[in-house]
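# Overview (structure and organization)
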Amino acid sequence: MNNIIDGKKIRNEIIEDLKKQVKHYLIKPCLAVIQIGDDSASNTYIKSKEKACNEIGIYFKHIKFSEDAKEIEVINKILELNHDDYVNGILLQLPLPQKFSADKIINYIARNKDVDGLTDINLGKIFNNKNGMISCTPLGIMKLLERENVDLAGKDVTIVGRSNLVGKPLLGLLLNKDATVTITHSKTKNLKVHTKRADILIVAVGKKHFITKDMVKENAIVIDVGINKEDGKLYGDVDFDQVKEHASLITPVPGGVGPMTVASLMLNVVSAYQKQQK
Ligand code: NAP
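How each quantity is defined
Residues numbered from 1 in each chain as written. Predicted model: local features only at pLDDT ≥ 70, side-chain atom pairs only at ≥ 80, totals over all residues. Heavy atoms only, no water. Core = buried A, V, L, I, M, F, W, Y, C linked by side-chain atoms within 4.5 Å. Buried < 20%, exposed > 50% of the residue type's maximum accessible area, 1.4 Å probe, protein only. Helix = DSSP H or I, 4+ residues; strand = E, 2+ residues; numbered from the N terminus. Contact = heavy atoms within 4.5 Å. Expected span 1.5 Å × (residues − 1). Arc of directions from axis to C-beta. Near = heavy atom within 4 Å. Polar contact = N/O pair within 3.5 Å; in protein donor to acceptor, adjacent residues only side chain to side chain. Areas by Shrake-Rupley, 256 points an atom, 1.4 Å probe, with all protein chains shown as cover. Nonpolar A, V, L, I, M, F, W, Y, C, P; charged D, E, K, R; others polar. Pairing = 2+ DSSP bridges. Axes fitted to C-alpha atoms, helices over the stretch in contact; angles between N-to-C directions.

### Describing the nonpolar core
A general tendency of soluble globular proteins is for nonpolar side chains to be buried together. The biggest cluster of nonpolar side chains holds 52 residues, and the ones touching the most others in it are L31, L174, I202 and M266. Here this core gets 10 residues from one element, more than from any other, and that element is helix 10 (residues 257–277). Apart from residues no more than four positions distant in its own chain, M266 is found in contact with I15, L18, L31, K49, A52, C53, I56 and I58. One finds F65, V74, L81 and L92 within the second-largest nonpolar core, a separate group that totals 20 residues.

Here you go:
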């Protein structure tokens, strides 16, 4: 039984579709990525964004500040990019070095260029079920479920993790699709009770193999967002080998949610470009 969701394949299909669209544009879309410092995981993620842009024909602008930069310099750069008609999307690569406030800086990004969907306005729009930019990992997960023809209406969904990046936007998106959603976190009592009754279990905790087989309902759909690096290898938050025997569908790490995050960013850049052209 092949119950493994191939995020890489779906990513490639989305990139191919976008490439066909962008081919016809006289002026190419442009994504600006702002990086502060030299975090090695961030360098890897930025490279994968640049690769996807190159595949599609999106112009990629990498703006790098040293850790010694002042917050105001980064904000001024964002204001400049907000007014640059050739820049369609702006993304602040996270995490930032400790002295910077991501929340403060992100909110200077113009809402129609906020391709990471992390400004207060775009996060809020999800909860009013209004069109806005949707943050890339939650959007990628929704696309995966859509491609697998999962009907969310009335399903019991448990999300483990309540970050602004993953858990909270997903809560709104799933509610908008009529799922019954439980969101859990580090203060949740009896976590297993919540995970075990889920038709769909989505895990974004950041702890290797945190979810074991006994915590998962038979035939559940399991979406593993976690990326945990150990001895140069990547592991998810779900004990994949155990849980895959038990699940009706499951995402692997790597090759599940990760590639879909980049694909969703590309969808957001092209969508921002199209809206700005109108
Ligand atoms: P985060 O901001 O650190 O949030 C982690 C969440 O897990 C928090 O809500 C925390 O609860 C909760 N948590 C911690 N221990 C728990 C426990 N024992 N029981 C229940 N909940 C617990 O992390 P994040 O940014 O959401 O990322 C989570 C993971 O996903 C990381 O491995 C990250 O690398 C990965 N990630 C992957 C992608 C991708 O593209 N695949 C994208 C984003 C993130 P509290 O709120 O109470 O602290």
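Text resumes after the structure shown.
### Remarks on helix 3 (residues 71–82)
With 12 residues, helix 3 ought to run about 16 Å at 1.5 Å a step, and its terminal C-alpha atoms sit 17 Å apart, in line with that. Looking at helix 3, one finds that the buried residues are E71, V74, I75, I78, L81 and N82. Along the axis of helix 3, the buried positions cluster into a sector of 120°, meaning they face one direction only. As for helix 3, its buried residues are in contact with strand 1 (30–36), strand 2 (59–65), strand 3 (89–92) and helix 4 (102–106).

### A closer look at the site of the ligand
Around the ligand, the structure places 20 residues, and the nearest of them are R162, S163, S186, I227 and T261. A distance of 3.4 Å separates a nitrogen atom of the ligand from a polar atom in the backbone of H185. S186 places a side-chain nitrogen or oxygen 2.6 Å from an oxygen atom of the ligand. Here the ligand loses 71% of its free accessible area of 930 Å² to cover by the protein chains. In terms of residues, the shell around the ligand owes the most to one element, helix 10, which gives three residues. When grouped by side-chain class, the residues that make up the shell around the ligand number nine nonpolar, nine polar and two charged.

### Topic: the sheet that holds strand 2
Within the open sheet, the three strands sit side by side as 2-1-3. Their pairing is parallel. Only two strands of the sheet have a single partner each, and these edge strands are strand 2 and strand 3. Averaged over all pairs of adjacent strands, the angle between their axes in this sheet comes to 20°, without regard to strand direction. Here strand 1 pairs with strand 3 via four bridges, running parallel. The partner of I34 across the bridge, within strand 3, is L92. Its contacts with the sheet place helix 2 (residues 40–56) against strand 1, strand 2 and strand 3, and it is angled at close to 160° to strand 2.

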